[in-house]
Amino acid sequence: MSDIRFETVVVIGYGAITNHVLQCLHRSSEQYGYRLVYVEHEIYPFNQAKKYALEHSVVYKKIEDKEELNRYFFGIAKNDVLIVSASNNYLFPSLLLKQKTVTAINFHNALLPKYRGRNAASWVIYEQEKETGVTWHYVTENIDEGNIIIQKHCNIAADDRAYQLASRLMDLGYEAFEGCIEGVLQEKIQAQKQEQISSSKVYLAREIPGNGRFSLADSPNYIYRLLRSMDCGKTRIFPFPVTELKGEAVQIKRYCVLHGEERLRGNRLYIPFDDGRELMLQYSKVS
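The structure reproduced in this document is the subject of the present report. (Residues numbered from 1 in each chain as written. Predicted model: local features only at pLDDT ≥ 70, side-chain atom pairs only at ≥ 80, totals over all residues. Heavy atoms only, no water.)

A look at the pairing of strand 7 (residues 131–138)
So, point 1. Most of strand 7 is tucked away, with seven of its eight residues classed as buried.
So, point 2. Here four bridges tie strand 5 (residues 102–108) to strand 7, and the two strands are oriented antiparallel to one another. Paired with His-108 across the bridge in strand 7 is Thr-135.
So, point 3. Two elements, strand 7 and strand 8 (residues 148–155), share seven bridges in a ladder whose sense is antiparallel. Residue Trp-136 lies in a different strand from strand 8, and its bridge partner there is Ile-150. (Buried < 20%, exposed > 50% of the residue type's maximum accessible area, 1.4 Å probe, protein only. Helix = DSSP H or I, 4+ residues; strand = E, 2+ residues; numbered from the N terminus. Pairing = 2+ DSSP bridges.)

If you want it as structure tokens, here you go:
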């Protein structure tokens with residue numbers, strides 16, 4: 001058994017990366033001798049991390065109430081604890097982070113210091129970035145401003161939708177986690193202070209690219225980019241995009257780029273690109 005300072009390691013979050021992180025830490029718990037705990041704060045359907053915890057005797061705690069969660073973390077902070085935040089929206093109290101016994105690291109699906117906050121995969125598409133990536137960083141009282149542990153880069157494809165890019169970033173995030181967790185546990189990481197840039201802002205959950213609206217007079221490239229940035233798949237993070245058709249508000253339920261395919265009738269708009277392609281928008285009235 002290898003000696004480390006941490007007596008407890010807590011994983012908090014949901015989604016695929018949380019499950020992979022939990023499994024990785026479970027495999028190394030025997031080597032390092034820490035107590036592993038999985039906390040489910042945001043309830044997520046078909047939570048694979050929860051399933052893994054229950055099937056492999058990992059301590060599992062369901063704590064939906066924020067104040068109860070605060071009390072839990074302050075309680076375990078009596079001893080040395082590492083908190084791993086993976087796809088997690090809970091904000092740790094600043095007083096907790098100031099405890100000498102507490103170390104917290106967080107996964108962010110962008111290349112910090114740019115695109116701090118929520119829904120980074122959507123914003124990089126909307127802002128026409130050609131490249132993005134992931135960051136694991138230490139948690140401080142300011143959102144996504146802690147020292148950088150590791151970063152990995154990836155390209156953004158011309159037709160990427162937000163959910164597709166987010167999925168790739170989750171895979172890249174786990175790859176990065178495997179590359180740094182041993183150093184974190186052994187406290188051998190040479191973390192880098194984040195560069196201070198004037199364009200860095202914190203994107204809030206309530207913010208929507210383009211305010212979720214566009215005009216049919218806008219360029220097809222802009223409309224397509226807005227639609228892709230708001231397309232979070234089945235998670236439906238954003239409402240359907242809205243435009244105005246003949247003086248009436250309509251919402252776009254489906255879209256695709258046609259390369260000469262036959263047009264279909266019924267509640268569909270076809271907007272030509274300059275290269276011969278068409279952007280098909282299937283719409284319905286806003287109720």
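Still more to cover.
Topic: the packing of aromatic side chains
So, point 1. Following the criterion strictly, the structure yields 14 aromatic pairs and no others.
So, point 2. For the pair Phe-73 and Tyr-90, a centre-to-centre distance of 5.9 Å together with 25° between the ring planes defines the contact as stacked. Here Phe-73 is found in helix 3 (residues 66–76), whereas its partner Tyr-90 is found in the loop between strand 4 (81–86) and helix 4 (94–97), with 17 residues between them in sequence. For the pair formed by Phe-73 and Tyr-90, the shared burial category is buried.
So, point 3. Arranged with centres 5.5 Å apart and planes meeting at 50°, the rings of Phe-107 and Trp-136 form a pair that is tilted. (Phe/Tyr/Trp six-rings, centres within 6.5 Å; stacked < 30°, edge-to-face > 60°.)

Digging into the sheet that holds strand 10 (residues 242–245)
So, point 1. With antiparallel pairing, four strands are arranged side by side in an open sheet as 10-11-13-12. Both outer strands of the open sheet, strand 10 and strand 12 (268–272), are each paired with one neighbouring strand and no more. On average, each strand axis in the sheet is inclined to that of its neighbour by 45°, with strand direction left out of account.
So, point 2. Direction of pairing for strand 10 relative to strand 11 (residues 248–258): antiparallel, over a ladder of four bridges. Bridge pairing in strand 11 links Val-242 to Gln-251. (Axes fitted to C-alpha atoms, helices over the stretch in contact; angles between N-to-C directions.)

As for the nonpolar core
So, point 1. Membership of the largest hydrophobic core comes to 69 residues, with the highest contact counts inside it found for Val-21, Leu-25, Val-84, Trp-136 and Phe-177.
So, point 2. In terms of residue count, the dominant contributor to this core is helix 6 (residues 162–185) (11 residues).
So, point 3. If we skip the residues at most four places from it in the chain, Leu-25 touches Val-9, Val-11, Tyr-34, Leu-36, Val-84, Phe-177 and Ile-181.
So, point 4. Residues Ile-12, Val-39, Leu-69 and Ile-76 belong to the second largest nonpolar core, which totals 19 residues. (Core = buried A, V, L, I, M, F, W, Y, C linked by side-chain atoms within 4.5 Å. Contact = heavy atoms within 4.5 Å.)

Focus on the sheet that holds strand 1 (residues 8–13)
Think of a sheet as strands paired side by side through backbone hydrogen bonds, with each pair either parallel or antiparallel.
So, point 1. What the seven strands build is an open sheet, ordered 3-2-1-4-5-7-8; its pairing is mixed. Every interior strand has two partners, whereas the edge strands, strand 3 (59–62) and strand 8, have only one. For this sheet the average axis-to-axis angle between neighbouring strands, irrespective of direction, equals 15°.
So, point 2. Each of strand 1, strand 2 (35–40), strand 4, strand 5 and strand 7 is contacted by helix 1 (residues 16–32), which is oriented at about 165° to strand 1, the strand it contacts most.
So, point 3. The strands that helix 6 touches are strand 1, strand 4, strand 5, strand 7 and strand 8; relative to strand 8, the one it contacts most, it runs at about 150°.

As for the packing of helix 1 against helix 6
So, point 1. Where helix 1 contacts helix 6, the two axes come as close as 10 Å, and the packing angle between them is 25°. Between helix 1 and helix 6, the angle falls in the class roughly parallel. Our pair here, helix 1 against helix 6, has a crossing hand that is right-handed. In contact with Ile-17, His-20, Val-21, Cys-24, Leu-25, Arg-27, Ser-28 and Tyr-32 of helix 1, helix 6 contributes Met-170, Gly-173, Tyr-174, Phe-177, Glu-178, Ile-181, Glu-182 and Leu-185.
So, point 2. In terms of residue class, the contact of helix 1 with helix 6 is built from 10 nonpolar, three polar and three charged. (Parallel < 35°, antiparallel > 145°, perpendicular 65-115°, else oblique. Left-handed = near helix turned anticlockwise from the far one by under 90°. Nonpolar A, V, L, I, M, F, W, Y, C, P; charged D, E, K, R; others polar.)

Things to note about unusual backbone geometry
So, point 1. A cis amide bond, omega 15°, links Leu-112 with the succeeding residue Pro-113.
So, point 2. With respect to the element layout, Pro-113 can be found in the loop between strand 5 and strand 6 (116–117).
So, point 3. Here Ser-57, not a glycine, exhibits a phi torsion of approximately 60°, which is positive.
So, point 4. Structurally, Ser-57 is set in the loop between helix 2 (48–55) and strand 3.
So, point 5. Unlike most non-glycine residues, Lys-246 shows phi in positive territory, near 55°.
So, point 6. Inspection of the secondary structure assignment puts Lys-246 in the loop between strand 10 and strand 11.
So, point 7. What makes Lys-246 exposed here is its relative accessible area of 84%.

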